[in-house]
Each structure stands twice: as C-alpha cells, then as structure tokens.
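So the chains spell out like this:
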Amino acid sequence: MDLAWDPLIPILIPILLCSLVYFWRKNRDLPPGPNGIPFLGYVPVFLTSQPQDTLMELGKRYGNVFSFYMGKRLVVVLNDYAAIKAAYTDQAEIFSGRAGGFISRYIRLGSEGKAHGFGAPQGTIWKEGRKFMLQTFRDLGMGKSKLQGSIIDEADRIVRLFTESHGQSFDPFPFLYAGAANLIGSLCYGETLDHTEPSFKQTLASLSVTNAYTAHMEPLQTFQFLRYVPGQFRERWRAVVESRRQILKFLGDKITEHRKTYFENEIRDYIDAFFHEQARKKISESEVFRDEELLQNLRGFFSAGTDTTSKTLQWALLFLLHHPEVQERIHQELDRGIEAGQRVILADRTKLPYLEAVIREVQRFANLVPLGLPRANVTETILLGHRIPVNSVIIPSFKSVNEDPALWEDPMTFDPTRFLDKNGNVHEAPHFIPFSIGKRDCVGASLARMELFLLFANIMQRLVIKPPTDSNLPSTTDRITYLTSSPRPFKVRAILRNQKD
Ligand code: HEM
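Since we're looking at a predicted model, the values are computed, not measured.

Thoughts on the overall build of the chain
Phase 1: Counting secondary structure elements, the chain contains 18 helices and eleven strands.
Phase 2: Over its C-alpha trace the chain gives a radius of gyration of 25 Å, about what one expects of a compact globule, namely 23 Å for 501 residues.
Phase 3: Along the longest, intermediate and shortest principal axes, the C-alpha atoms of the chain span 95 × 55 × 45 Å.
Phase 4: The 501 residues of the chain split such that 54% are buried.

Set out below in structure tokens:
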C-alpha cells in the first residue's frame, strides 16, 4: 500500500500546498460568517421562507458585515445602516453594480442570447438607460402634477371596484395590483386598461411568476441545473419560461402598435421618447437605444413598479384593520383639509401630514423589500476592515435598519407619529431608506411617492376600510416573501364614508 503511494507523493504534496494557498488567498480577510458545504454554500438560506429573518439572526452572531457562499459566489450582507451607508454612499461607484442569478439573467435575454435592459450589471446600458428613463418620466410628469390626473382616475376606478362588492368581504389586492400596473402602463405605452382585459390580466399573472422566482434565495438562481430535475424546480422553470414569453409578447405588441402611430413631434409616452432618441442617435451607433433594450426596459419598469406600490398599499389596508384609531385620525385630517366631494391633489400634501406619516410608517413597518435588490461591487475593496472580492453579491438588510432599536424608538410598534416633528410636520430621519441609497437607488422613487400619496389619500377620502365578516382579522406577521414581502391574501370590506355599514 505504502509502496503504491510513494511515487505519487512528490505530485500530491505540491497540489495540496497549492490548494491551501489558493483557499487561503481566496478567503483571507473576508467578513466573518457561517461555513457552507463545498459547491452548495450555506444551505439554510435556500430552505427558509423568510430569508430576512435568517440573515438577521446570523447578524447577531457575526456583526454588521458578514459573508457566506451561495453556490460558488460570495454573498456579503450589510446588516445595519452604518454598513449600508459605508458601502452605498461612501464607496458609491464601487458598489453600483447589480448582481443577478440565473433566472434574472434568463429573463433579460434577447434573441441572440445576450442580456438587455438597464438591469445590466454595470456599464453604459445601465448608466445611460437610467439617465434617459429619469429624464423621460420627468418630462411625462413624474414628480409633477401632469401625471396626477391618471393617478386620480385610477384611484376612482379602484374605489368604484371596491364598492361594487356592496359591503361584502373581498380581497383588495388584485385591484391594487392592476391599478399600479396601469400607472406604469400609462407612462410606458400611454394607456390604461380595464382590469379584466384578457391580455393585461394574463400579463399581471405572469409578472407575479417572474417576480417570485427572481428572489435572491430562489435555488434556481444559483443552481441552474435544477431546471432539468423533475418536480417542483422543473415546474417553476417552465412557469418562468412561459411567463417571460407572455410578458414580452404583451409589451412587444405595444411597441409594434406605437411604430404605426408614432409622430415625431408628439411624445406620448416612454416608447415614443425612445423612438425619438433612436432617430436622433442613429441606432447603429448606440447600444443603449437598440430595440431589445426598449423591450427589456419596459419589462423592468413593470416588474419593479407594480409589485412594490401595490403591496405597500395592501400593507396599508391591513395595518388600518389593526389600527382603527389611525384610520379615524386620517379621516379627521381629510375632513379638515379637503372639501367634501373634492379629489385630493398633490398640492394638498402639506394639509395632510398625518396621512403622509402613515404612508412612511407603513413602508418602515412592512419591510416591503427587506433585502433590497442584490448589488455587486465592481472592483475589489475594503469595507469596514473587511476585504470584499470583486463581484461579490451585496445584500443590504433593510429590515435590520427598520427594526434597529438604536435608530427607532419602540421599533416593533406601528406608530405613524414617529414621522412627525413637534410642530406636526413630516420629518424623515436619514436612516429611513425604503428606496435605498446611492448610485443605484430606486429610479422610480418620485413616481412611487406620488402614486402612494394620491392613491391612498383618494381611497381614504371616500372609503372606510373594515375587517371582513367571514374570516378572522388577518395576520400582520404571516408573510409571503420573494423579492418583495407581502401579507397572505386577506379580505376587507369597503364602505362609502357617507353610507351606513
Ligand atoms: C413603494 C414603491 C417602491 C419601492 C419601495 C421601491 C424600492 C426599490 C429598491 C429598494 C430598489 C433597489 C435599489 C438598490 O439596489 O439600491 C429599487 C430599484 C429600482 N426601482 Fe424601485 N421601488 C418602488 C417603486 C418603483 C417604481 C414605481 C418604479 C417605476 C418604474 C421603480 C423602478 C425601479 C428600478 C428600475 C430599479 C432599479 C434601478 C437601477 O438598477 O438603477 N420602483 N426600488
């Protein structure tokens, strides 16, 4: 036996030494963290339904910057405000990359097998695409009063659909979801659709599927081979493929219709603005304004702008069921500030500080995007004393910021007044960061703020939201978490304010 090994020893020892040096160099000075299994990484993150809680638990053991492997990729968790700020603000350029797993990339693939859209990891397509989107949405009315008409119309539609239940219990979420998608649609392709229009309805269902499986901890994101394994992963993969196809067909049809009616002197929406830029720039010279970028940018806006706004409003309704005193105070403020029968407009914001504070507290307490969108560092760097190898997956734990007792008094209590100063005006602390911070923060934040205010205020202006009669008060702690975290579906009753229950 010994004799058989003898000739191999001079070969094995250098291999062993090289491996040791390789692993030492690879892992030296990394943030601390739990050990994983070779090739799989730290398995518990794939098994939990609430990864934000698993990571917060790890944070108690390993501190505010810790790391582990998911598959062969290093994940670095920023587990408090100081760590997120140190990365996203103090090293803004370095942490401006976007990480994405297999499914995220697959969804962005074009016909020639290259990924498109400004969800790009880094570079011109992201930078220029983001600049163009901000400018175009601003021109079309984001953050200004021009867009408010469409938002108020959508609020009217939601109120009408809610009241069609005639005081019976119903699930409000599908109406909020379609409403939020319609508002993105009005900016992207210039029209809002009836919530029951078949291709729109189908697209909304498909969006839910793609948004579910692009969560960070979805195993298919890390282990693409699972798509061939019979069972739930193959089913998920098939659902993603079909949903992606359907969403791109819906948006592709909108682009084709626009080509037929485009008139260069009239920019109706984002698609027209894109055509205009294509003509100005000579498409062949600009990778940012190719047709495939247009299609993928539209898909990205739908995906980012629909789940987020609608689920925030869903949480708002749920918290109101648990806090009737908050709803009562909103109604009193509306009655004082807004004439009966009038729609609430943006200019009314200063008259409604309590309602504004409620929206912020909903965002804090709901932890809607508890782990943000994964970022990546574009070069190797040192963060708070730890080495972060290039292209690590960076996960900010917004939940740990929102629940940090050092930052918020009594953080586990729903209390909108924490967002009011002593004069009753809205006050936002710097650590209130629902839209993230830094170079890659939420590009739709102004639009989202506008939508949340106008939709919530106009719904509250006309309705009282009451608990269901056919089920218990729904839970605020039982959640479904993908990229966004929402309550389990629940029912409410909606009563017109001038009507008896
Ligand atoms: C309540 C509503 C919303 C919340 C809480 C929210 C939150 C976020 C967060 C946390 C990120 C990740 C930022 C980062 O990596 O640092 C993000 C990115 C993004 N959001 Fe939002 N968002 C909302 C609404 C919207 C809307 C209405 C749009 C409209 C199109 C939008 C478009 C985007 C896009 C395109 C990105 C990626 C930006 C980039 O990679 O440069 N979001 N959002």
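Anyway, onward from the coordinates.
Some words on the site of the ligand
Phase 1: Around the ligand, a shell composed of 26 residues is seen, among which Arg98, Arg130, Arg375, Ser436 and Cys442 lie nearest.
Phase 2: Contacts to the ligand include Arg375, whose side-chain N or O atom sits 2.6 Å from an oxygen atom.
Phase 3: Contact between the ligand and Arg440: an oxygen atom at 2.9 Å from a side-chain N or O atom of the residue.
Phase 4: Listing elements by their share of the shell around the ligand, those giving two or more residues are α7 (124–140), α14 (291–322) and α18 (445–462).

Focus on the packing of aromatic side chains
Phase 1: A complete count under the given rule lists 29 aromatic pairs for this structure.
Phase 2: Between Phe274 and Phe289, the ring centres sit 5.1 Å apart and the planes meet at 55 degrees, which makes this aromatic pair tilted. Residue Phe274 is found in helix α13 (residues 270–281), and its partner Phe289 is found in the loop between α13 and α14; the two are separated by 15 residues along the sequence.
Phase 3: Look at Phe289 and you get buried, because its relative accessible area is 4%.

Re a nonpolar patch on the surface
Phase 1: Taken together, the side chains of Leu8, Ile11, Leu12 and Ile15 define a hydrophobic patch exposed on the protein surface, amounting to about 340 Å² of accessible area.
Phase 2: Tracing the sequence through the fold places Leu8 in the loop between α1 (2–5) and α2 (9–27).
Phase 3: Overall, Leu8 belongs to the partly exposed group, its relative accessible area being 39%.

Points about the coordination of the iron atom of the ligand
Phase 1: Just one protein atom donates to the iron atom of the ligand; it is Cys442 (SG), sitting 2.3 Å from the metal.
Phase 2: Within the secondary structure, Cys442 is located in the loop between α17 (398–402) and α18.

What to know about helix α15 (residues 324–337)
Phase 1: Look at α15: 20 Å from first C-alpha to last across 14 residues, which is about the 20 Å you get at 1.5 Å a residue.
Phase 2: Within α15, burial applies to Val326, Gln327, Ile330, His331, Glu333 and Leu334. Each buried residue of α15 lies within a common arc of 165 degrees when the element is viewed along its axis, so the set occupies one face. Facing away from the buried side of α15, by more than 90 degrees, are the exposed residues Pro324, Glu325 and Arg336.
Phase 3: Looking at the buried positions of α15, the neighbouring elements they touch are α14, α16 (353–366), α18 and β8 (463–466).

Thoughts on the side chain of His216
Phase 1: With respect to the helices and strands, His216 occurs in the loop between α10 (198–213) and α11 (219–222).
Phase 2: Within the structure, His216 has its side chain in polar contact with the backbone oxygen of Gly372 (distance 3.4 Å).
Phase 3: With residues up to four places along the chain from it excluded, the contact list for His216 reads Met70, Gln221, Leu371, Gly372, Leu373, Pro374, Ile395 and Leu483.

Some words on the sheet that holds strand β7 (residues 393–396)
Paired through their backbone hydrogen bonds, the strands of a sheet run either parallel or antiparallel.
Phase 1: The sheet built from five strands is open, its strands ordered β1-β2-β7-β4-β3 with mixed pairing. Of all strands in the sheet, those bounded by a partner on one side alone are β1 (65–70) and β3 (97–98).
Phase 2: Across four bridges, strand β2 (residues 73–78) lies against β7 in parallel orientation. Opposite Leu78, over in β7, you have Pro396 as the bridge partner.
Phase 3: Packed on one face of the sheet, helix α4 (residues 51–62) meets β1, β2 and β7 and runs near 125 degrees to β1.

Regarding the environment of Leu294
Phase 1: Along the polypeptide, Leu294 turns up in helix α14.
Phase 2: Residue Leu294 is classed as buried on the basis of its relative accessible area, which comes to 0%.
Phase 3: Not counting chain neighbours up to four residues away, the residues in contact with Leu294 comprise Ile255, Tyr270, Ile271, Phe274 and Phe275.

Re the pattern of salt bridges
Phase 1: Inspection of every chain in the model, using the stated rule, returns 30 salt bridges.
Phase 2: As a salt-bridge pair, Asp272 and Arg268 come within 2.5 Å of each other at their nearest N and O atoms.
Phase 3: Each member of the salt-bridge network shares a partner with another, and the members are Arg349, Glu356, Arg360 and Glu428.

Things to note about the packing of helix α9 (residues 173–189) against α18
Phase 1: Viewed as axis vectors pointing N to C, α9 and α18 meet at an angle of 135 degrees, and their least axial separation amounts to 12 Å. As judged from the angle between their axes, α9 and α18 are oblique. At the point where α9 passes α18, the crossing takes the right-handed sense. The residues of α18 that touch α9, namely those facing Leu176, Leu183, Ile184 and Leu187, are Leu447, Glu451, Leu455 and Ile459.
Phase 2: Residue composition of the contact of α9 with α18, by class: seven nonpolar, no polar and one charged.

The rules behind the values
Residues numbered from 1 in each chain as written. Predicted model: local features only at pLDDT ≥ 70, side-chain atom pairs only at ≥ 80, totals over all residues. Heavy atoms only, no water. Helix = DSSP H or I, 4+ residues; strand = E, 2+ residues; numbered from the N terminus. Rg over C-alpha atoms; globule rule 2.2 N^0.38 Å. Buried < 20%, exposed > 50% of the residue type's maximum accessible area, 1.4 Å probe, protein only. Near = heavy atom within 4 Å. Polar contact = N/O pair within 3.5 Å; in protein donor to acceptor, adjacent residues only side chain to side chain. Phe/Tyr/Trp six-rings, centres within 6.5 Å; stacked < 30°, edge-to-face > 60°. Patch = residues over 30% accessible without salt bridge, like charges linked within 9 Å, V, L, I, M, F, W, Y side chains within 5 Å. Areas by Shrake-Rupley, 256 points an atom, 1.4 Å probe, with all protein chains shown as cover. Salt bridge = Lys/Arg side-chain N within 4 Å of Asp/Glu carboxyl O. Donors = N, O, S within 2.8 Å, 3.2 Å for Na, K, Ca; no water. Expected span 1.5 Å × (residues − 1). Arc of directions from axis to C-beta. Contact = heavy atoms within 4.5 Å. Pairing = 2+ DSSP bridges. Axes fitted to C-alpha atoms, helices over the stretch in contact; angles between N-to-C directions. Parallel < 35°, antiparallel > 145°, perpendicular 65-115°, else oblique. Left-handed = near helix turned anticlockwise from the far one by under 90°. Nonpolar A, V, L, I, M, F, W, Y, C, P; charged D, E, K, R; others polar.

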